[in-house]
Amino acid sequence: MTQRGRSLLTAMGDDYDFDAETVPVTDEDVLDLLEPAVQEWWVGQFGEFVPGNGGFFTPPQRGAIPLIHEERNALICAPTGSGKTLASFTAIINELFRRDRESADGLDNSVYCLYVSPLKSLANDIHRNLTEPLDGITDIAADRDETIDIRHAIRHGDTSSADRQKMLSETPHILNTTPETLAILLNSPKFKEKLRTVEYVVVDEIHSLAENKRGTHLSVSLERLENLADTSPTRIGCSATVEPLETVAEFLVGYEDGDPREYDIVDTRFVRDFDIELECPTDDLIRTPRAEVQTRFYDRLHELVASHTNTLVFTNTRSGAERVLHNLRETYADIDETNSGCHHGSLSKERRQEIESKLKAGELQVVTTSTSLELGIDMPHIDLVVQVGSPKSVASLLQRVGRAGHQLGQTVEGRVIALDRDELVECAVMLTKAEAGFVDRVFIPENAFDVAAQQVYGMAINSIRPESEVRDTLTRAYPYRNFTDDDFERLFRYLTADYDGLEDKNVYAKIWRDTNDPPDGDHHYEEYAVGEPLVGKRGRMARVIYMTNIGTIPDSFTCDVLVRGSDQWVGTLDESYLDTLEKGDVFVLGGDNFAYRYRRGSKVYVDRTAKRPTVPSWFSERLPLSYDLGREIAAFQAELVERLDAGGPPAVRSWLRDRPLDENSVRAVTRMFDEQVQYAGSESVATPSRLVVETELDRETYRRHYYVHCTYGRQFNDGLSRLLAYHAARRTNANVQVAVADNGFSISMPLNRKVDLAGLLRDLNPETVEADLRAALDGTDLLKRYFRINATRSLMILKRYKGYEKSAAQQQVSSEMLLSFAQDLDEFAVIEETYREILEDKLSLAAIEDVLEAVRDGTVDVTAHSVSTPTPRAFGLATLMASDVVLAEDESAVLRAFHERVRDEIDADADIDLDVG
């Protein structure tokens, strides 16, 4: 350590429980990189970590600060609460402080660091990571007769015009913003000049951006910033536990000359100690009365809350978060409005901020939430996280549980409570894999035409430029690294409205595309060679249209439900729920049953019916199981069945006790698979090498039900079920109904119709899957909704124009008028993107093709068997067909009836065996 660093520690030695002269400090080289005032502030803040941490820095900080000092691109991956964002800011403050001190004129009146976060609330929650360090370092510098003038500010969609104007005259050196606002700044005639000096870009929570189109949009904005800035900015990505690291790093840094830019990875994903366990209120979730299960659940939750200081409870829906808090307050006298709260996206901004402030201050004993507190805000007093039900991925589990013990050195304590048998299996595998260091992969959307259209339009608005520059900028962004010449031609055809009749539909050209004229031509641009292909904007309102319509987050709305004929209004449905409905599907609304017929814009037309529901009311609320975790569940089931065959239930229980499961969970999982195998045999369980089709003839409802056991998650099952239903309907000429879950799906048709579904599955051709799925999507509400979303993103439909704003429902009406016309156009970019997004991002097309290829080459077998009642692993699938499980009591009754029939048959078979014996 340098004399300066050693002197600092010696001078402050009385403050710490170690002798600075004799105890080794392992990160002294990192400490020496900091300026004296910065070093003193850091040691003053974090000296207490020396005994347990071997130094003054957490592992991600120890790795990140030298890389930022050397201006190297870096992805910093570490658990929540390990100080990665603070490290990034401190290192950048340190460099700016040095620059400010060494320059006679100080820092320029422009931006040096961009901090991009996915949520406005994150941009506002920077006190601990930016304001506090700056204020502390400034005070220490002042005591040393040094002046620091490093300004910072927040800029997002809610920033007032006065504050925006002020930033031009007094520009922040560190600007916190969102992906959407960054795109606007890059097209702001005045403010974009302030971005030429940017030297650092910090992308926080990058894992939550990479997997969606907000991240795609940001990746292109970063390449546009690369074009604008005087020097190539250093890119720093901060991520919670994510996989694969190399892919996310390449997404962060982009490509140059066909290869990823150089980057370093600080991989400290597993530096925190976890104390996590799966709990279940009973070892028998079917025969234990539901009221008793609920009582035991709330008693246990209250016990956990009472034994901890601050508890955060995650549920999988907003309504669930409200319900859990309500029941806690109603049942237990020590929990009331003063020490508890609820936080989710449907609450007002003011209410959410109030809850966040109280959480950070440690004033609330328990807070319930859905997903809104997964990211960002520091909650240092939380010492327990409870997850109710399955969070559907290991990454989500670690993100949520990581909110507890929000400092390195503290053990992360989390409890997952399962109230459903299928989720019990999910959670058992999830917690086991989390302990083993497994993380689900992030899948990054590629070649999205709608985002490309926005960004190319933005480039053209800024200035006339060579087409080659536009192409180069787009393909440097990771999601477009494989964008082909044909893709560009399709994109430019759309942007130039090169389709007969398109402008008659009020869809106008956004850019022009032409070669540069000779000097005597009307359109000669002297900075470019004659004949060079150029692009430029079309229309005087182009900039206003662009600035008021860009972004990737789709608007959504509720649809009015009307009875056909009478137009009687019976309620509303969220539009995403309609993605699950086919003509004839029955659902419950306001206690009555309705059969879905069709939709026109924001109106849904139904018939009253006495038929039983086929689609549960909660379907659209639940998160989908990740594909990778689904594969791990299949492997878990294979090993469990092997142990069951070899040693019976005792062997399985012994094996499960080595996992983070309580005894109720161990016994419940064992019982379910034991009954499954007793009833239908080992081959009735889906594994990595086996898909299972079971058939039930339901004579009560005169339906034939097929239950397909496939654990690869709801998106995969949604795609495969649509494919099978499409072919089954064509072969039988029947009304085929589908219900999808995470561990499989069910297909139902009239009893007088029959198809060899297992044979159909074996015969599916991987090479024709994409074409077949496109055909299956034709005319569906899913296609209509995503066409509207992509038409709006592509600026084919304008949300805002000349002071008028179109609601999502009005956008839907406009899109339905355009859809049939657009489908008849040759490879129309917006249509192609709609199919691409649904097939690749929503229905797991690539995974389906892989599995069907494995079926074709014999790696995966398809087994079929008939049952008189659904098997235990199909109970959840069967309840989707049997009743509307919005009523928990109805679901419990149906499950008990299924279980009793299974037990009766098992017992009857046992009696036969005894008689034979």
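So, a few notes on the structure that sits alongside this text. Not measured: the values here are computed from a predicted model. (Residues numbered from 1 in each chain as written. Predicted model: local features only at pLDDT ≥ 70, side-chain atom pairs only at ≥ 80, totals over all residues. Heavy atoms only, no water.)

1. Quick notes on helix α19 (residues 449-462)
(1) Moving on: For α19, with 14 residues, the first-to-last C-alpha span of 20 Å sits near the 20 Å given by 1.5 Å per residue.
(2) Moving on: Taken across its 14 residues, α19 has 14 buried, putting it largely inside the fold. (Helix = DSSP H or I, 4+ residues; strand = E, 2+ residues; numbered from the N terminus. Expected span 1.5 Å × (residues − 1). Buried < 20%, exposed > 50% of the residue type's maximum accessible area, 1.4 Å probe, protein only.)

2. Overview of the environment of Ala291
(1) Moving on: Mapped onto the elements of the fold, Ala291 is located in helix α14 (residues 290-306).
(2) Moving on: Considering only alpha carbons, one finds Ala291 and Val855, 564 residues apart in sequence, at a separation of 44 Å.

3. A look at the sheet that holds strand β3 (residues 152-155)
(1) Moving on: With respect to topology, seven strands assemble into an open sheet ordered β3-β4-β2-β5-β6-β1-β9, the strand pairing being parallel. Both edges of this open sheet fall to β3 and β9 (264-267), since each of them pairs with a single strand only. With strand direction ignored, the average angle separating the axes of adjacent strands in the sheet is 15 degrees.
(2) Moving on: With four bridges joining them, strand β1 (residues 74-77) and β9 adopt parallel strand pairing. Bridge pairing links Leu75 to Ile265 in β9.
(3) Moving on: Those strands touched by helix α13 (residues 245-253) are β1, β5 (200-203), β6 (234-239) and β9, and its axis lies near 135 degrees from that of β1. (Pairing = 2+ DSSP bridges. Axes fitted to C-alpha atoms, helices over the stretch in contact; angles between N-to-C directions. Contact = heavy atoms within 4.5 Å.)

4. Re the nonpolar core
(1) Moving on: Grouped together as the largest cluster of nonpolar side chains are 93 residues, with contacts concentrated most on Leu720 and Phe828.
(2) Moving on: Ranked by the residues each element gives to this core, the list is headed by α19, at nine residues.
(3) Moving on: Residues in contact with Leu720, not counting those within four places in the same chain, are Phe745, Leu761, Leu764, Ile848 and Leu852. (Core = buried A, V, L, I, M, F, W, Y, C linked by side-chain atoms within 4.5 Å.)

5. A look at the packing of helix α18 (residues 421-435) against helix α23 (residues 627-656)
(1) Moving on: Between α18 and α23, the shortest axis-to-axis distance is 10 Å and the interhelical angle comes to 100 degrees. Between α18 and α23, the angle is such that the two are roughly perpendicular. Residues Val425, Glu426, Val429, Met430 and Lys433 of α18 pack against Leu629, Glu632, Ile633, Phe636 and Gln637 of α23.
(2) Moving on: A class-by-class count of the residues in the contact of α18 with α23 yields six nonpolar, one polar and three charged. (Parallel < 35°, antiparallel > 145°, perpendicular 65-115°, else oblique. Nonpolar A, V, L, I, M, F, W, Y, C, P; charged D, E, K, R; others polar.)

6. Section: the pattern of salt bridges
(1) Moving on: Inspection of the entire model under this criterion finds 65 salt bridges.
(2) Moving on: Two residues, Arg261 and Glu223, come together in a salt bridge whose shortest N-O distance is 2.9 Å. Of this pair, Arg261 sits in the loop between β8 (259-260) and β9 while Glu223 sits in helix α12 (residues 213-228), and the two are 38 residues apart along the sequence. For the pair formed by Arg261 and Glu223, the shared burial category is buried.
(3) Moving on: With its nearest N and O atoms 3.9 Å apart, the salt bridge here joins Arg493 to Asp826. (Salt bridge = Lys/Arg side-chain N within 4 Å of Asp/Glu carboxyl O.)

7. A few points about the packing of aromatic side chains
How two aromatic rings sit relative to each other is set out by the distance from centre to centre and by the angle between their planes.
(1) Moving on: Per the stated rule, a full pass over the model turns up 19 aromatic pairs.
(2) Moving on: Each ring, one from Trp42 and one from Phe57, has its centre 5.0 Å from the other, and the planes form 25 degrees; the classification is stacked. Pair noted here: Trp42 is in helix α3 (residues 36-46) and Phe57 is in the loop between α4 (50-53) and α5 (59-69), with a separation of 15 residues, a long-range link. Considered together, Trp42 and Phe57 belong to a single accessibility category, that of buried residues.
(3) Moving on: Through a chain of ring-to-ring contacts, three or more aromatic side chains come together here, namely Phe449, Tyr480, Phe483, Phe488 and Phe492.
(4) Moving on: Over the ring of Phe97 we find Arg101, and its NZ or CZ is 5.9 Å from the ring centre.
(5) Moving on: For the cation-ring pair, Arg774 lies above Tyr835, with the distance from its terminal atom to the ring centre recorded as 4.0 Å. (Phe/Tyr/Trp six-rings, centres within 6.5 Å; stacked < 30°, edge-to-face > 60°. Lys NZ or Arg CZ within 6 Å of the ring centre and 35° of its normal.)

What is shown is where atoms sit, not what they do.
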